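# Observations on the model geometry
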Amino acid sequence: QVQLVESGGGLVQTGNSLRLSCTLSGGTFSLYGLAWFRQAPEKEFEFVAGISRYGSTNFKDSVKGRFTVSRDNAKNTVYLDMNNLKPEDTGVYYCAARLTSKEDYTYWGQGTQVTVSS
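Residues numbered from 1 in each chain as written. Predicted model: local features only at pLDDT ≥ 70, side-chain atom pairs only at ≥ 80, totals over all residues. Heavy atoms only, no water.

### Details of the pairing of strand β7 (residues 67–72)
So the rule is basically this: For every residue, the accessible area (1.4 Å probe, protein chains only) is compared with the maximum for its type, and the residue is labelled buried under 20%, exposed over 50%, or partly exposed between those bounds. Starting at the N terminus, helices and strands are each numbered in turn, a helix being any DSSP run of H or I of at least four residues and a strand any DSSP run of E of at least two. DSSP calls a pair of strands paired once it identifies at least 2 bridges connecting them.
Only one face of β7 is covered, namely the one carrying Phe67, Val69 and Arg71; the face carrying Thr68, Ser70 and Asp72 has none of its residues buried. The pairing of β7 with strand β8 (residues 77–82) spans six bridges and is antiparallel. For Ser70, the partnering residue across the bridge sits in β8 and is Tyr79. In this antiparallel pair of consecutive strands, β7 and β8, the connection spans four residues, and Asn76 shows a positive phi of 55°.

### Here's the deal with unusual backbone geometry
Despite not being glycine, Glu42 shows a phi value in the positive range, around 60°. Of note, Glu42 is situated in the loop between β4 (33–39) and β5 (46–51). Positive phi values are uncommon outside glycine, yet Asn76 reaches one of about 55°. Within the fold, Asn76 resides in the loop between β7 and β8.

### Comments concerning the state of the cysteines
What counts here: Our working definition of a disulfide is a cysteine sulfur pair at a distance within 2.5 Å.
Enumeration according to the criterion identifies one disulfide in this entry. There is a disulfide in this structure between Cys22 and Cys95, and the S-S distance comes to 2.2 Å. One quick way to see it: the torsion about the S-S bond of Cys22 and Cys95 is about -80°, and its sign makes the bridge left-handed. Taken together, the residues Cys22 in strand β3 (residues 18–25) and Cys95 in strand β9 (residues 91–98) connect sequence positions 73 residues apart. Overall, the relative accessible area of 0% leaves Cys95 in the buried class.

Structure below.
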């Protein structure tokens, strides 16, 4: 059974950086497309960034130029590097995985809290 475990959240000040990590177990990591989503207080659940099994990436417009997403297939881990953080980046960040781009994200982590203070 595929499981995803996130880590790396925390409390930071505006302008600072954080790296989130998400490790997949129970499946062949290199076959999965991966993404990060977030849930902010009183806001809709939203896509933040994604990386395909081939390494192509895409981002929510508001994080372009500030966030990067990468994967290390040897470590079964996907990363979200968040720079120049803003209070509006606050939320619970979730890692997700799917085998093909034709399906919804099937597997989800438990989430990690990111809080950016002004």
